[in-house]
Amino acid sequence: MTTFALIITTPPTDNKTHTALMYAEAILAAGHQINGVFFYQDGVLNANNYVLTPSDEINLLTAWSDFHQRSATPLHICITAGERRGLSDNNEDGFVDNINKNFTISGLGELVVLTSSADKVVQL
Amino acid sequence: MTTFALIITTPPTDNKTHTALMYAEAILAAGHQINGVFFYQDGVLNANNYVLTPSDEINLLTAWSDFHQRSATPLHICITAGERRGLSDNNEDGFVDNINKNFTISGLGELVVLTSSADKVVQL
Amino acid sequence: MTILHLVRTSAFTDDSLKQCLNLIASADQLFLIDDGVYNIHHSLIQGLKQPVFFLQQHVDARGLIAGSQQRSASYNDLVTATLNAKKVITWQ
Amino acid sequence: MTILHLVRTSAFTDDSLKQCLNLIASADQLFLIDDGVYNIHHSLIQGLKQPVFFLQQHVDARGLIAGSQQRSASYNDLVTATLNAKKVITWQ
Amino acid sequence: MSSHQIKKYAIINTSSSFNSSNGKDSLDAALILASYEMPVSLFFVGDGVYQVQAQQNAEAIAAKDYIATFKALGFYDIKDIFVCQQSLTERSLTTNFVVASAKTLTTSEIKQQLLNFDVVLTF
Amino acid sequence: MSSHQIKKYAIINTSSSFNSSNGKDSLDAALILASYEMPVSLFFVGDGVYQVQAQQNAEAIAAKDYIATFKALGFYDIKDIFVCQQSLTERSLTTNFVVASAKTLTTSEIKQQLLNFDVVLTF
């Protein structure tokens, strides 16, 4: 069994993000393990509870959440990148935490931990 | 006096958006009028109240808000594009309207109205 | 009446400038802004018949030195260019 | 051990494939995914020494017909290619 | 502020089918313009020519099949669909288009066409 | 899950200075890797070579001046900064770099260098 770390930098409006999910599924299907998926840059938008997609289109938030729940794969978001793009873990006046609970709030340090501990690092 | 309609499709993390603001300022400084700015695609992220930027960087939400308040230029966001990117005018459980009050919630129809009524249309 | 073409990307990376030059008419204007100013040193715009303007602030930000064939412009000049054109096409 | 190069963009629009080919070693592998599959018909990859793979689903989605010089692959093949390489470089 | 009037719109598509949301967002804009009875012509240049190719299958990558809507453009009175011949040739593509009414034009012909419009948008 | 270990990282920068947040996001990643004592080498290829040019002035466009931080990379023990000679030449650029320790390499030399790393990231 080989361990993987994935880095995702594309938003849910970009089909490349679906590719990343399919690749993650294929890793698990082949019997390997993903130590964690790190969402950076526009990738953090995948964790936004506020994102709505029309009912005839794939909802990547639902898809990632389902992936997490089936596999227990940690999904990390870079909170600094998130704050620049409208994600917030703040519940004070005028704010509601909009980061989906299937994602873990992390910093760039987690990128280092994940990529240095996995056998394979793939950026998608 | 010439009337302008501007279409902005770039997010606040992209310096091209600052260019658009500087261009809008120059239009007004030259004595012309902007009938409206229409934010489409990733441009809608400019209206997100949740976006935080470090204190040593320009905050485009503040800058657009200030521009609106000084000039009364209407700033429209395409709500469909917004919903795909984490903007919400919903105040139900788990949501707080995060669209800045200096922006008007609109649909693509407003793009038609603005561009067909202005003397000049510029997409930035 | 002419078309004002705004080019916002580097032709060393993408093909926006190329698409623009395929469709620019001889009476049109080319205006380089944002990363489009990197094109002041691109072979595609050497010897163009059309006047080529660039936003001076965007050249300054990138530490470039413009050649003598292209013309420095301000945001106010960009507004004027818009007024003088029938319409604008933005290549980004 | 070799490098697996993933190319995700069309070389007709941007220069990712070109950057990749500048740095690909003769023992490396090239794997086209996403818009990178448009490159199956680009002159840059004709006659390459390295094997060129493409994700069949991504070719199908775009209505392309692959030539015989490139090799159809599944996501499972992409995982295998990752396992067989020492490291991966993603050009996007 | 003047009320809106009829203007002629050109939309130039330079993006491939699925790499960004440009293709779909452009089509949405074209349809809404048409619903306001604005004349709209669509141009496909550069990688935009991939959008009008037949045999695409968005479902293979779980993408929205906005391509299918091209076939319905006639119902929206969008009749002018122009595809750049040079861009097709560069990409070894045929004129097997998803919409039968699409016509190929040379870059010179597109340049001439562009004189006819009041507003030009690019996606 | 194994705990993390020291790995050698290469970061390849292909983006220009200000068009996207890639330049700054890449530098942030490099600095955090260095703070975890991972050896990091930076490569600048394609339009990435614009990032290391001297005389840039981010303030002229109200951008964050992350370029200034390149000068401090030595303090973070990031000593290997490699710039693609071919990309410089194509763009008519000089070797007047913002960071004195930057070295130019040919594409063949970069290809050789890449053999030395465990992880390669691109921005």
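Shown above is the structure to which this text applies.
Here the structure is a predicted model, which means the values were calculated and not measured.

Of regular secondary structure, chain C possesses three helices and five strands. Secondary structure elements in chain C, listed N-terminal to C-terminal, are β-α-β-β-α-β-α-β. Computed over its C-alpha atoms, the radius of gyration of chain C comes to 12 Å, within 12% of the 12 Å expected for a compact globule of 92 residues. By principal-axis analysis of the C-alpha atoms, chain C measures approximately 35 × 25 × 25 Å. Looking at chain C alone, contacts between residues at least 24 apart form 61% of all its contacts between residues at least 6 apart. Looking at chain C as shown, the accessible area adds up to about 3,100 Å², and 50% of this sits on carbon and sulfur atoms.

Residues and elements named next belong to chain A. Strand order in the open sheet formed by five strands is β4-β3-β2-β1-β5, with parallel pairing between adjacent strands. Of all strands in the sheet, those with a lone pairing partner are β4 (104–106) and β5 (120–123), marking the two edges. Sheet twist, expressed as the average angle between the axes of neighbouring strands with direction ignored, equals 25 degrees. Strand direction decides the pairing type here: strand β1 (residues 3–8) and strand β2 (residues 33–39), joined by six bridges, are parallel. Bridge pairing links Ile7 to Phe38 in β2.

Residues and elements named next belong to chain F. The two faces of strand β5 (residues 119–122) match: Val119 and Leu121 on one face and Val120 and Thr122 on the other face are all buried. Taken together, the four bridges between strand β1 (residues 9–13) and β5 define a ladder with parallel strand orientation. Bridging from a neighbouring strand, Tyr9 pairs with Val119 of β5.

Moving on to the relation of the copies chain B and chain A. Note on the identical chains: chain B maps onto chain A by a rotation of 180 degrees and an axial translation of 0.0 Å, with an RMSD of 0.0 Å. Those values place the two copies in the arrangement expected of a two-fold rotation axis. Minimal C-alpha separation from the rotation axis in chain B is found for Val96(B), amounting to 3.0 Å.

What follows is about the interface of chain B and chain A. Contacts between chain B and chain A engage 19 residues on the former and 19 residues on the latter. Across the interface of chain B and chain A, roughly 1,800 Å² is buried in total on both sides, 59% from carbon and sulfur atoms. Three residues stand out in chain B for area buried against chain A, namely Tyr50(B), Leu52(B) and Arg84(B), and they jointly supply 38% of the buried area on that side. Where chain B touches chain A, the interface holds two salt bridges. Residues that form the side of chain B that touches chain A fall into these classes: seven nonpolar, eight polar and four charged.

Thresholds, definitions, all that
- Residues numbered from 1 in each chain as written.
- Chains lettered and ligands numbered in written order.
- Predicted model: local features only at pLDDT ≥ 70, side-chain atom pairs only at ≥ 80, totals over all residues.
- Heavy atoms only, no water.
- Helix = DSSP H or I, 4+ residues; strand = E, 2+ residues; numbered from the N terminus.
- Rg over C-alpha atoms; globule rule 2.2 N^0.38 Å.
- Contact = heavy atoms within 4.5 Å.
- Areas by Shrake-Rupley, 256 points an atom, 1.4 Å probe, with all protein chains shown as cover.
- Pairing = 2+ DSSP bridges.
- Axes fitted to C-alpha atoms, helices over the stretch in contact; angles between N-to-C directions.
- Buried < 20%, exposed > 50% of the residue type's maximum accessible area, 1.4 Å probe, protein only.
- Least-squares fit on C-alpha atoms with pLDDT ≥ 70 in both.
- Buried area = accessible area lost by both parts, 1.4 Å probe.
- Salt bridge = Lys/Arg side-chain N within 4 Å of Asp/Glu carboxyl O.
- Nonpolar A, V, L, I, M, F, W, Y, C, P; charged D, E, K, R; others polar.

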